[in-house]
Amino acid sequence: MRIRTPTEILPSEITRRECYEGRRVFLRRAAALGLAGSAFPAGELLAQNPAAARLAGARSGYSAIEKLTPYKDVTSYNNFYEFGTDKSQPAQFAHKMATRPWTVAVEGEVRRKKVFDIDELLKLAPMEERIYRMRCVEGWSMVIPWVGYPIAELIRRVEPTGRAKYIAFVTHTDPASMVGLRLPVLDWPYVEALRLDEAMHPLALLGFGLYGEVLPNQNGAPVRMVVPWKYGFKSGKSIVKILFTEHQPATSWNVAAAHEYGFYSNVNPAVDHPRWSQASERRIGEDGFFQPKRKTLPFNGYAEQVAGLYAGMDLKKNF
Ligand SMILES: Nc1nc2c(c(=O)[nH]1)N[C@H]1C(S)=C(S)[C@@H](COP(=O)(O)O)O[C@H]1N2
Ligand SMILES: [Mo]
């Protein structure tokens, strides 16, 4: 799948035409503010969830043009093991997690270590709306309109030292709200990490919202990673600490089963999971169970943008 440049994206592909003019003005203003709480053109979303806080950004050039996965599926079929291993449990239990006050500590190999308040982090850089395909390691995928900004914006501001080679994302652990923490499935807290140059890629987002609203808790409120060319588990939810390191950090799934979940975990149809094929996928909310599965694309369809990060590497060894 190809990603269109901004000029190729027609407004009619983004929003129903009658909503577009109002929405465009809104998005521009929202982008300027970083966060907008002002009027939003009436749409299905608001009708569905009038209480949700608005969060929107200007559409950027990285969006895939594919049918969006319905809001209902994006927010009710989730992996967030802290709330249980069943796909329906995060939507059932995550509302118990408090997302204010919330801070994100930036530590390790940076010149400007800092504890960011979430509301400061929200305004750090202009918000963008990005429609990304997301592929779970379990063989399903979704197309989600995220709202966020490239994490490169944050990385530049905290000034990594010459020793910083990796960046780890440590996520929230709250035993009071997270029933899943009692399960011995993973070493808590859930930790994921990227090589620093991967994190600097403009596709790698710090995500704050989806479908023009702040993230529902089950999707990783108030802030998560969104790395569309890697299996979903690399995108840690509800981040509380960002740690810059010289050496490759231990990551939860890799520690749990190193032969099944490699550090890189780039979407790769040519490298099977030891227990199942990764060659195809089912699009949630769209593909019926008896429909033939869709072919999975190298780097989840983002090869043109990211393959260069892995030039010269054996991707079967570095899976
Ligand atoms: N903290 C935390 N982050 C997590 C997970 C998790 O269990 N805990 N699951 C991951 C997996 S396996 C996937 S597929 C995505 C799912 O994100 P979504 O529910 O927003 O689609 O979140 C990832 N981030
Ligand atoms: Mo996943």
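Presented here is an overview of the structure given in this document. (Residues numbered from 1 in each chain as written. Chains lettered and ligands numbered in written order. Predicted model: local features only at pLDDT ≥ 70, side-chain atom pairs only at ≥ 80, totals over all residues. Heavy atoms only, no water.)

1. Some words on the overall build of the protein
Stage number 1. Helix and strand counts for the protein come out as 10 helices and 13 strands.
Stage number 2. A burial count over the protein gives 54% of its 319 residues as buried.
Stage number 3. Sequence separation of 24 or more characterises 70% of the internal contacts of the protein that already satisfy a separation of 6 or more.
Stage number 4. Working note: accessible area of the protein is about 14,100 Å², and carbon and sulfur atoms make up 56% of it. (Helix = DSSP H or I, 4+ residues; strand = E, 2+ residues; numbered from the N terminus. Buried < 20%, exposed > 50% of the residue type's maximum accessible area, 1.4 Å probe, protein only. Contact = heavy atoms within 4.5 Å. Areas by Shrake-Rupley, 256 points an atom, 1.4 Å probe, with all protein chains shown as cover.)

2. Considering the pairing of strand β12 (residues 280-283)
Stage number 1. As defined by bridge partners, strand β5 (residues 140-150) adjoins β12 across two bridges and the pair is classed as parallel. Within β12, the position partnered with S141 by the bridge is R283.
Stage number 2. Inspection of the sheet shows β12 paired to strand β13 (residues 294-295) by two bridges, in the antiparallel sense. Opposite S280, over in β13, you have K295 as the bridge partner. (Pairing = 2+ DSSP bridges.)

3. So, the nonpolar core
Stage number 1. I151, I167, F208, W229, I242 and F244 are the most contacted members of the largest nonpolar core, which totals 80 residues.
Stage number 2. It is β5 that provides the largest number of residues to this core, a total of six residues.
Stage number 3. With residues up to four places along the chain from it excluded, the contact list for W229 reads E198, H201, L203, A204, N266, V267, F299, N300, Y302, V306, L309 and Y310. (Core = buried A, V, L, I, M, F, W, Y, C linked by side-chain atoms within 4.5 Å.)

4. Thoughts on the sheet that holds strand β7 (residues 191-195)
Stage number 1. Judged by pairing direction, the sheet is mixed, and its five strands sit side by side in the order β3-β2-β11-β6-β7 without closing on themselves. Whereas interior strands pair on both sides, the edge strands pair on one side only; in this sheet they are β3 (114-117) and β7. Averaged over all adjacent pairs, the angle separating strand axes in this sheet is 15°, with direction ignored.
Stage number 2. Two strands pair when backbone bridges link them, and strand β2 (residues 103-108) and β3 are joined in this way by four bridges, in the antiparallel orientation. By the bridge assignment for β3, V104 is matched with F116.
Stage number 3. Where helix α7 (residues 151-158) meets the sheet, its contacts fall on β2, β3, β6 (166-171) and β11 (239-245), and the angle it forms with β11 comes to roughly 60°. (Axes fitted to C-alpha atoms, helices over the stretch in contact; angles between N-to-C directions.)

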